[in-house]
Amino acid sequence: MSVVKAKTLMKMELIQVGEYEYTKQDMLGHGAFAVVYKGRKRKNPSQSVAVKMVTKKGIQKASEILVKEIKILRELTALHHPNLVAMHDCMDSPAYVYVVMEVSIFRF
Ligand SMILES: Nc1ncnc2c1ncn2[C@@H]1O[C@H](COP(=O)(O)OP(=O)(O)OP(=O)(O)O)[C@@H](O)[C@H]1O
């Protein structure tokens, strides 16, 4: 194995979020306040998920919008519709709110 490849593998740190994990290399996209990574369920690695990591820093004014977004996601998830992205979990740490969802097959 080349040194570069070994260094790259070492950098692929698995970050755990509840029952899920992701690496920072697998970014799906980012918005104004969030970065979204492709991750997987730890107990079932074949199940891919999108982990949206929303920074709490500077979103005091927008936090109501985030709470509304999570509420809407919860309601849409309850519909169990194949064309709607379901939310699997939602949790927070002191610095971030994490929303774990299905990976959308549609381009944003
Ligand atoms: N469930 C998902 N599956 C796949 N990719 C996703 C998913 N959710 C978000 N993304 C990707 O991450 C990007 C950022 O998403 P996010 O919801 O943070 O922001 P946004 O709605 O695109 O923009 P803004 O922050 O301005 O509202 C999206 O544009 C998309 O490329």
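In this text the structure is predicted, and so the values were computed from the model without any measurement. (Residues numbered from 1 in each chain as written. Predicted model: local features only at pLDDT ≥ 70, side-chain atom pairs only at ≥ 80, totals over all residues. Heavy atoms only, no water.)

Draft legend 1. Structural context of the packing of aromatic side chains. In total, this model carries two aromatic pairs according to the counting rule given. Seen from their ring centres, Tyr-22 and Tyr-37 are 4.7 Å apart, and the 15 degrees between their planes marks the pair as stacked. Of this pair, Tyr-22 sits in strand β2 (residues 20-30) while Tyr-37 sits in strand β3 (residues 34-41), and the two are 15 residues apart along the sequence. Looking at Tyr-22, the relative accessible area reads 2%, which means it is buried. (Phe/Tyr/Trp six-rings, centres within 6.5 Å; stacked < 30°, edge-to-face > 60°. Helix = DSSP H or I, 4+ residues; strand = E, 2+ residues; numbered from the N terminus. Buried < 20%, exposed > 50% of the residue type's maximum accessible area, 1.4 Å probe, protein only.)

Draft legend 2. Broad picture of the UniProt feature "binding site: ATP" (unreviewed entry) in the protein. The UniProt record marks Lys-52 with the feature "binding site: ATP" (unreviewed entry), using the residue numbering of this structure. Positionally, Lys-52 belongs in strand β4 (residues 48-55). Look at Lys-52 and you get buried, because its relative accessible area is 18%. If sequence neighbours within four positions are ignored, Lys-52 has contacts with Ala-34, Val-35, Val-36, Glu-69, Val-97, Tyr-98, Val-99 and Met-101. A distance of 2.9 Å separates a polar atom in the side chain of Lys-52 from a polar atom in the side chain of Glu-69. (UniProt positions renumbered as here; feature names shortened; annotations may be inferred. Contact = heavy atoms within 4.5 Å. Polar contact = N/O pair within 3.5 Å; in protein donor to acceptor, adjacent residues only side chain to side chain.)

Draft legend 3. Representation of the pairing of strand β6 (residues 96-101) within the structure. Of all six residues in β6, five are buried; the element is thus mostly enclosed. Looking at chain direction, β4 and β6 are connected through six bridges and run antiparallel. From the neighbouring strand, Met-53 faces β6, where its bridge partner is Tyr-98. Where strand β5 (residues 87-92) lies against β6, five bridges are found, and the strand directions are antiparallel. Looking across to β6, one finds that Asp-92 is bridged to Val-97. (Pairing = 2+ DSSP bridges.)

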